[in-house]
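# Descriptive structure summary
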Amino acid sequence: MLTDAGILPSGSPGKSPELTPQDVATLMLGVAVDAPLRAVADTVRHYRALRREGVPERAPAAISGTAGDELDILAEIAASGPLDAKALVAKTILSVVNNWQEIVLTDTIDVRRFSAGEPGRWQAFGFRRSVEINLGAFVDVIAELFAGETK
């Protein structure tokens, strides 16, 4: 569905698609969202467009990065960053909240929350359903696919 929607590249007859580290991050997000197959592409687009909590819609570009931008940066660091930056990415936990639109990146320095304006909803309704991904495995996969080595 992600290929059909043009989110991921398609191959040609007899040739596999050429993926970038950012495409792998998008595929990981597509697997983590809890959406029917027919809605996965739209859901991934929406989650990638989520803004950092507290940043207004018309904020300057320098401070209005999206969750997709952040995932792309993490993928690039995992593919070609210095070892200390890869180690920091490997300590990051990605939480994809599925009962409202929110992505949370938690590392040793801070928590970056990207949401659709419903923070605190889980407290009112009693549960928060999310998929958590340890990005240590993500760094290993990216290194294996794009650098031919593990950390």
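The following paragraphs examine the structure supplied in this document. Computed from a predicted model, the values in this text were never measured in an experiment.

### Things to note about the packing of helix α3 (residues 67–80) against helix α4 (residues 83–90)
- Packing of α3 against α4 brings their axes to within 8 Å, and their N-to-C directions diverge by 130 degrees. Overall, the two elements α3 and α4 adopt an arrangement that is oblique. Crossing of α3 against α4: the hand is left-handed. Counting all contacts with α3, which are made through Leu74, Ile77, Ala78, Ala79 and Ser80, the residues of α4 involved are Ala85, Lys86 and Val89.
- Class assignment for the residues of the contact of α3 with α4 results in six nonpolar, one polar and one charged.

### What to know about the pattern of salt bridges
- A complete count under the given rule lists nine salt bridges for this structure.
- Measuring nitrogen to oxygen at the nearest pair gives 3.3 Å for the salt bridge that ties arginine 113 to glutamate 102. Linking arginine 113 in strand β4 (residues 111–115) with glutamate 102 in strand β3 (residues 102–106), this pair joins segments that are 11 residues apart in sequence.
- Arginine 113 gets classed as partly exposed once you look at its relative accessible area, which sits at 28%.
- A relative accessible area of 2% places glutamate 102 in the buried class.
- Measuring nitrogen to oxygen at the nearest pair gives 2.8 Å for the salt bridge that ties aspartate 107 to arginine 112. The two residues aspartate 107 and arginine 112 agree in class, both being buried.
- One salt-bridge network, held together by shared partners, links Arg52, Glu70, Asp107, Asp110 and Arg112.

Thresholds applied
- Residues numbered from 1 in each chain as written.
- Predicted model: local features only at pLDDT ≥ 70, side-chain atom pairs only at ≥ 80, totals over all residues.
- Heavy atoms only, no water.
- Axes fitted to C-alpha atoms, helices over the stretch in contact; angles between N-to-C directions.
- Helix = DSSP H or I, 4+ residues; strand = E, 2+ residues; numbered from the N terminus.
- Parallel < 35°, antiparallel > 145°, perpendicular 65-115°, else oblique.
- Left-handed = near helix turned anticlockwise from the far one by under 90°.
- Contact = heavy atoms within 4.5 Å.
- Nonpolar A, V, L, I, M, F, W, Y, C, P; charged D, E, K, R; others polar.
- Salt bridge = Lys/Arg side-chain N within 4 Å of Asp/Glu carboxyl O.
- Buried < 20%, exposed > 50% of the residue type's maximum accessible area, 1.4 Å probe, protein only.

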